[in-house]
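Listed below are the residues making up each chain.
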Amino acid sequence: MAMRIITLTTDFGTKDWFVGTMKGVILGIHPEALVVDITHDVSHGDIRGGAFALAASYPFFPRGTIHLAVVDPGVGGSRSALVVQTADYLFVGPDNGVLSWALRQEKIKAIRKLENEKFFLRSISQTFHGRDVFSPVAAHLGKGVAVEKFGPAQKQLVTLLWPKPRRTRREVAGEVLYIDRFGNAITNIRSEFLDGFDRASCRVFLRHKAVAPLKQFYGEVPAGQVACVTSSSGFLEIAVNGGSAAEKLKLNVGDAVEVRRALHQKSSSP
Amino acid sequence: MAMRIITLTTDFGTKDWFVGTMKGVILGIHPEALVVDITHDVSHGDIRGGAFALAASYPFFPRGTIHLAVVDPGVGGSRSALVVQTADYLFVGPDNGVLSWALRQEKIKAIRKLENEKFFLRSISQTFHGRDVFSPVAAHLGKGVAVEKFGPAQKQLVTLLWPKPRRTRREVAGEVLYIDRFGNAITNIRSEFLDGFDRASCRVFLRHKAVAPLKQFYGEVPAGQVACVTSSSGFLEIAVNGGSAAEKLKLNVGDAVEVRRALHQKSSSP
Amino acid sequence: MAMRIITLTTDFGTKDWFVGTMKGVILGIHPEALVVDITHDVSHGDIRGGAFALAASYPFFPRGTIHLAVVDPGVGGSRSALVVQTADYLFVGPDNGVLSWALRQEKIKAIRKLENEKFFLRSISQTFHGRDVFSPVAAHLGKGVAVEKFGPAQKQLVTLLWPKPRRTRREVAGEVLYIDRFGNAITNIRSEFLDGFDRASCRVFLRHKAVAPLKQFYGEVPAGQVACVTSSSGFLEIAVNGGSAAEKLKLNVGDAVEVRRALHQKSSSP
């Protein structure tokens with residue numbers, strides 16, 4: 001069955017011609033393809049950032065979409081290249097974890113190594129498999145070539161550790177996973193994780209200091225104030241209404257975040 | 001009647017996956033849609049910047065185009081969401097003024113509030129109506145759903161003040177409306193506004209100082225020099241040939257600009 | 001014969017609405033067009049940067065693709081505007097050299113000046129021929145209008161000097177042509193130019209200092225170390241594994257680079 005939509009998630013940027021050539025290669029093989037950019041501004045070599053972007057976006061695409069993710073600092077080396085078939089999608093990319101946060105939400109049906117050079121460009125650089133390997137493979141998948149044709153089965157794939165939040169009676173402890181373009185700090189704490197907590201009494205702590213109440217939307221606090229809302233990806237997010245939480249609170253990926261229900265809290269609420 | 005083209009004007013940036021997910025949602029509903037990015041780099045929450053970008057670009061699209069603009073600092077709050085039908089186009093966005101500078105040039109035929117949840121995503125975040133409300137609505141409009149289906153009629157919409165230039169016998173006084181990526185400062189003075197002035201003798205003033213002559217194109221002044229030309233949007237624009245006027249003259253949105261015809265001007269011409 | 005794919009290489013950026021309006025104009029004339037962005041982030045007025053991006057990307061597109069390149073500091077002035085037909089492609093742009101590095105690899109069949117205003121927008125600005133001249137011309141070409149219709153034949157075109165590397169028995173001397181988003185410095189030395197050299201013994205010199213060995217891929221040197229690899233465009237490129245060579249070595253376009261085979265080299269290898 002032919003499929004049209006191919007998404008791209010990369011760290012290639014848009015300053016140069018890299019992404020354009022990937023699209024040229026895809027269209028040369030599969031003229032009906034519809035290429036959709038997720039983002040090309042994953043930080044250089046930031047596999048976790050790419051994995052998070054893919055995991056947050058892929059399920060909004062229709063069934064049959066081919067998701068291509070290339071954040072590939074090991075290009076040219078020994079890491080393998082994969083196509084993964086799930087119940088609803090096809091994923092293509094290097095076997096370095098960039099696909100893994102999307103795949104933990106999916107039912108995997110097949111993993112194949114990309115080894116059949118018939119589906120690559122004729123001449124393959126050692127620095128740009130996005131163009132020479134992954135794009136032509138995605139295009140052939142789009143044209144309906146079965147995953148078995150691309151290479152041998154592989155049992156496991158490289159998986160990035162997903163940091164699970166810890167919950168006690170008093171608090172949920174997690175961390176900052178991603179900082180978006182607005183400076184919102186998205187954590188690993190899914191909103192449902194707080195079920196049973198009285199949200200109005202909760203405070204979000206950063207470096208042992210309460211920094212924000214839990215709110216529904218940004219505008220519930222005055223401009224410039226910190227609020228913790230449920231981000232559109234379903235995770236708690238520390239935000240500043242009309243500003244950048246990352247800047248105001250000097251937040252970084254990996255920073256510890258706690259959500260505490262106020263028992264007899266007195267002096268530390270913001 | 002089905003329409004294919006949906007334009008996007010947002011402040012979501014391209015660093016993250018936000019725009020990609022909007023396209024996924026649109027294509028899931030309307031597989032024939034052709035989504036065209038106007039820009040996603042409106043400054044964070046800058047409703048005027050978004051309004052200007054939309055007003056400058058929408059008329060270059062064919063009749064029937066659906067223009068979606070989401071600069072939406074009040075997302076999740078009480079602002080309403082709209083579809084506006086004009087003689088030639090459909091506009092979709094929050095009712096906060098972002099559509100208003102385009103609409104002042106259009107003949108409005110219907111304004112409807114977006115309230116029929118049947119046309120939204122099933123689960124709606126409080127932080128990303130671009131994906132959950134506006135994108136699916138645009139897609140359904142593209143498939144031919146009539147505007148009446150989306151919600152009740154609304155009589156007025158929030159309108160940003162359009163600063164009108166003042167003209168006297170001696171001068172036209174306006175202001176900087178927008179600074180583009182080249183550092184060109186686009187004013188609110190339409191070129192026609194100077195009809196009757198002898199352009200060759202005009203000087204453009206900034207903070208009571210003459211800074212530029214009126215020219216036809218950038219290359220009429222030496223590299224690095226200031227010229228005031230008619231921008232491609234039809235407004236006077238202060239530019240530096242091969243450089244940035246905003247930087248050289250420390251220009252900001254809102255700065256007062258005067259175009260004066262030289263009567264007996266002696267010392268202040270540049 | 002109608003052609004669908006139109007590529008865009010410009011310095012218009014993506015902050016504003018400029019590229020969006022070009023797409024609107026194209027789709028208004030040629031609704032079946034498929035516009036593909038190569039890049040819009042060529043540095044402001046950098047004709048060489050645009051020429052390199054186009055030359056590095058155009059051959060990855062299918063035959064019949066229309067390549068539109070607009071880096072046009074002389075817009076509004078006396079430079080002419082061109083369509084160039086080659087064996088496989090059509091190129092459209094200002095006659096200022098931006099097309100010339102792509103065309104030196106192509107067999108030119110016809111050069112025509114764009115003079116027939118029938119194929120332009122009705123009203124033409126003096127500052128944005130990308131929208132008013134080049135986009136409508138590309139769209140009409142895509143619909144199958146023959147190149148002869150656009151204007152008179154022109155014999156020559158403005159050509160940017162292509163700096164040829166010099167080779168002696170001991171070394172190949174070239175220069176940095178382009179710095180990409182990763183900080184990789186792409187030189188004018190094609191990899192084949194070193195045929196006959198023992199690569200393992202070669203060292204790359206910058207300002208008379210050896211800075212890098214020749215390698216196959218980035219990961220062959222430890223993170224943070226300099227390597228010289230064959231870039232995906234076929235030229236030698238100075239890179240830092242996981243970092244920016246331009247930053248680490250303070251590289252600029254035009255910097256001299258030598259590749260020397262080690263004869264009795266002792267102290268200067270990195």
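Going by the structure above, here's the rest.
Remember, predicted model here, so these are calculated numbers, not experimental data.

What counts and how
- Residues numbered from 1 in each chain as written.
- Chains lettered and ligands numbered in written order.
- Predicted model: local features only at pLDDT ≥ 70, side-chain atom pairs only at ≥ 80, totals over all residues.
- Heavy atoms only, no water.
- Buried < 20%, exposed > 50% of the residue type's maximum accessible area, 1.4 Å probe, protein only.
- Helix = DSSP H or I, 4+ residues; strand = E, 2+ residues; numbered from the N terminus.
- Contact = heavy atoms within 4.5 Å.
- Buried area = accessible area lost by both parts, 1.4 Å probe.
- Salt bridge = Lys/Arg side-chain N within 4 Å of Asp/Glu carboxyl O.
- Polar contact = N/O pair within 3.5 Å; in protein donor to acceptor, adjacent residues only side chain to side chain.
- Nonpolar A, V, L, I, M, F, W, Y, C, P; charged D, E, K, R; others polar.
- Least-squares fit on C-alpha atoms with pLDDT ≥ 70 in both.
- Phe/Tyr/Trp six-rings, centres within 6.5 Å; stacked < 30°, edge-to-face > 60°.
- Lys NZ or Arg CZ within 6 Å of the ring centre and 35° of its normal.

A.B. asks: Looking at this model, I keep getting lost on helix H2 (residues 47-57) of chain A. Mind explaining?
C.D. replies: For the α-helix, the turn length of 3.6 residues means that residues three or four positions removed from each other point alike. With 10 of 11 residues buried, H2(A) lies mostly within the body of the structure. Along H2(A), the residues that are buried comprise A:Ile47, A:Gly49, A:Gly50, A:Ala51, A:Phe52, A:Ala53, A:Leu54, A:Ala55, A:Ala56 and A:Ser57.

A.B. asks: How should the interface of chain A and chain C be read in this particular structure?
C.D. replies: How big an interface is tends to be expressed through the accessible area that disappears when the partners come together. With 29 residues of chain A in contact, the opposing surface of chain C contributes 30 residues. Both faces combined, the contact of chain A with chain C buries some 2500 Å², and carbon together with sulfur accounts for 61% of it. In this structure, the connection of chain A to chain C is made through zero salt bridges. Remark: the boundary between chain A and chain C carries 11 residue pairs in polar contact (both at pLDDT 80 or more). Counting residues per element, the side of chain A that touches chain C draws most heavily on helix H1 (residues 18-29) of chain A, at eight residues. Across the side of chain A that touches chain C, the residue classes break down as 10 nonpolar, 13 polar and six charged.

A.B. asks: Quick question: what am I supposed to make of the relation of the copies chain A and chain C here?
C.D. replies: Two chain copies, one operation linking them: a rotation about an axis together with a shift along it. Once chain A is rotated about the relating axis by 120° and shifted along it by 0.0 Å, it coincides with chain C to within an RMSD of 0.0 Å. Such a turn and shift between the copies fits a three-fold axis. Mapped onto chain C, only 3% of the interface residues of chain A are again interface residues, and the two copies thus contact each other with different surfaces.

A.B. asks: Would you take a moment to explain unusual backbone geometry for this structure?
C.D. replies: Note: most residues except glycine have negative phi, and most peptide bonds are trans. Here A:Lys250, not a glycine, exhibits a phi torsion of approximately 50°, which is positive. Considering the arrangement of structural elements, one finds A:Lys250 in the loop between helix H5 (245-248) and strand E14 (256-261). Its identity as a non-glycine residue notwithstanding, B:Arg207 has a phi of 45°, on the positive side.

A.B. asks: What is the right way to look at the packing of aromatic side chains in this model?
C.D. replies: We describe a pair of aromatic rings using the distance from one ring centre to the other and the angle between the two ring planes. Within the structure shown, the criterion is met by 43 aromatic pairs over all chains. Between the aromatic rings of A:Trp162 and A:Phe235, the centroid separation amounts to 5.8 Å while the plane-to-plane angle is 40°, which identifies the pairing as tilted. Remark: A:Phe235 occurs in strand E13 (residues 235-240) and A:Trp162 occurs in the loop between helix H4 (129-142) and strand E7 (166-167); sequence separation between them is 73 residues. Among the aromatic residues, those joined into a ring-pair cluster are A:Phe12, A:Trp17, A:Phe18, A:Phe128, C:Phe52, C:Trp101, C:Trp162, C:Tyr178, C:Phe182 and C:Phe235. Sitting above the plane of the A:Phe235 ring, A:Arg190 keeps its charged end 4.8 Å from the centroid.

A.B. asks: I tried to follow the relation of the copies chain A and chain B on my own but got confused; where do I start?
C.D. replies: Mapping chain A onto chain B calls for a screw motion: a turn of 120° about the axis and a shift of 0.0 Å along it, with 0.0 Å RMSD after fitting. A low fraction, 3%, of the interface residues of chain A reappear at the interface in chain B, so the copies pair through non-equivalent surfaces.

A.B. asks: I keep staring at the pattern of salt bridges and nothing clicks. Help me out?
C.D. replies: For side chains of opposite charge, pairing can occur when their charged atoms come near one another. Counted under the stated rule, the structure contains 31 salt bridges over all chains. Taking the shortest distance from any N to any O, the salt bridge between B:Arg63 and B:Asp88 comes out at 3.0 Å. Remark: B:Asp88 occurs in the loop between strand E4 (81-86) and strand E5 (90-94) and B:Arg63 occurs in the loop between helix H2 (47-57) and strand E3 (66-70); sequence separation between them is 25 residues. Two residues, C:Glu192 and C:Arg190, come together in a salt bridge whose shortest N-O distance is 3.3 Å. Shared partners join several salt bridges into a network, and the residues in it are A:Glu171, A:Glu258 and A:Arg260.

From the geometry alone we can't say anything about function, so treat these as descriptive.
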